[in-house]
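Chain by chain, the residues:
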Amino acid sequence: MSSDEQVPSGIDPSVPSVARMYDYYLGGKDNYLSDREAADKVIAISREVGNDVRLAARANRAFLGRAVGMLTGLGIRQFVDIGTGLPTQENVHQVVLRDAPDAQIAYVDNDPIVLVHARALLADNPQTVVLEGDLRDPEALLADPVLRARIDFDQPVALIMCAILQFVSDDAEAVRIAGRLCTSLAPGSHLVISHVFPGEGHDDELAEVDGVYSRTTAGNFTLRSRAQIGALFAGADLLPPGLAPVEDWRPDGGGDHDFSRATYLGGVARIS
């Protein structure tokens, strides 16, 4: 899809997609010229604040793998990944099924390109399902018969929302969405969240990033403080090492973390 000549029906390749931009950050080829141009602007801005968004995206992806691996080790056998993005290496099902071949994985996204590619990749994998759903409508998502057929919500579930809640602009709405989804989960379930984090300072430069994302299909991009990101875990108990920069997050980690740099913050919490 690096060639802009092959465009699936219903896709406007002139409008950047956050999923395809993220794919570009990760070194993928499932993106169009508009995505690359928008992503290059964000990369340039990120370098001005002493970071590289591509490295942060890759650190976020590695965090997801470590978190999912930990939960598989704890005996979780059901995973719901909302805002999964385009398939790349070390997807949730690949990490999980290595150690738990009986696990069930549901991928949820609302981007047509994501759905086409994920369904093609996973067509022959009986342990996974890909369904269309919007994070901003948790009631409809939870009522989806395909999801209900795949996931037993009376048993523990790992609910994953990595690098997606920053596209919900209202703080109270983001907390409400996370809370509503968590209330549907059985005790012993776990919540995995990562969220872009501005670090300290650089407000002007990061406002430029917001401007780039305002022209994507998502339409917005919201930076939040450590406290605001922590509030997304309300009602769940953060496991060690707590909320941390994703590059530092380890199941057996601890100690002080550097919250001054722009990155993603991530955490895993247990629902009692």
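Residues numbered from 1 in each chain as written. Predicted model: local features only at pLDDT ≥ 70, side-chain atom pairs only at ≥ 80, totals over all residues. Heavy atoms only, no water.

1. Side note on the overall build of the chain
- When helices and strands are counted, the chain shows 10 helices and eight strands.
- Residue burial in the chain is summarised as follows: out of 272 residues, 53% are buried.
- Put simply, of all contacts in the chain between residues at least 6 apart along the chain, 70% involve residues at least 24 apart.
- Counting every atom, the chain has about 11600 Å² of accessible surface; 50% of that belongs to carbon and sulfur. (Helix = DSSP H or I, 4+ residues; strand = E, 2+ residues; numbered from the N terminus. Buried < 20%, exposed > 50% of the residue type's maximum accessible area, 1.4 Å probe, protein only. Contact = heavy atoms within 4.5 Å. Areas by Shrake-Rupley, 256 points an atom, 1.4 Å probe, with all protein chains shown as cover.)

2. What about unusual backbone geometry?
- Residue Pro241 is reached from Pro240 by a cis peptide bond, and omega for that bond is 10°.
- As for its position among the elements, Pro241 is in the loop between strand 6 (237–238) and strand 7 (244–245).

3. Description of the pattern of salt bridges
- Within this structure, the stated rule accounts for 10 salt bridges.
- Residue Asp102 is joined to Arg77 by a salt bridge in which the shortest nitrogen-to-oxygen separation is 3.6 Å. Linking Asp102 in the loop between helix 4 (92–99) and strand 2 (104–109) with Arg77 in the loop between helix 3 (53–73) and strand 1 (78–82), this pair joins segments that are 25 residues apart in sequence.
- Residues joined in a network through salt bridges with shared partners are Glu247, Asp248, Asp258 and Arg261. (Salt bridge = Lys/Arg side-chain N within 4 Å of Asp/Glu carboxyl O.)

4. A look at the side chain of Thr72
- Following the sequence through the fold, Thr72 ends up in helix 3.
- By relative accessible area, which is 4% here, Thr72 ends up buried.
- A polar contact of 2.9 Å, which involves the side chain of Thr72, links it to the backbone oxygen of Val68.
- Not counting chain neighbours up to four residues away, the residues in contact with Thr72 comprise Arg77, Phe79, Val96, Asp99 and Ala100. (Polar contact = N/O pair within 3.5 Å; in protein donor to acceptor, adjacent residues only side chain to side chain.)

5. A short note on the side chain of Arg224
- For Arg224, the location among the structural elements is in the loop between helix 9 (203–213) and helix 10 (226–230).
- On the basis of relative accessible area, Arg224 is assigned to the buried category, the value being 2%.
- For Arg224, the side chain forms a polar contact with the main-chain oxygen of Val168, separated by 2.6 Å.
- Leave out the neighbours within four places in its chain, and Arg224 touches Leu165, Gln166, Val168, Ser169, Asp170, Asp171, Ala174, His195, Val196, Phe197, Pro198 and Ile229.

6. Focus: the nonpolar core
- Formed by 81 residues in total, the largest nonpolar core has its most connected members in Tyr25, Phe79, Val80, Ile82, Val92, Leu135 and Met161.
- Setting aside residues up to four positions removed in sequence, Ile82 forms contacts with Val108, Leu135, Leu141, Leu159, Ile160, Met161, Ile164 and Leu181. (Core = buried A, V, L, I, M, F, W, Y, C linked by side-chain atoms within 4.5 Å.)

7. Describing the environment of Val42
- Inspection of the secondary structure assignment puts Val42 in helix 2 (residues 33–48).
- Residue Val42 is classed as buried on the basis of its relative accessible area, which comes to 4%.
- When the C-alpha positions of Val42 and Val53 are compared, they lie 7.3 Å apart, and in sequence the two are 11 residues distant.

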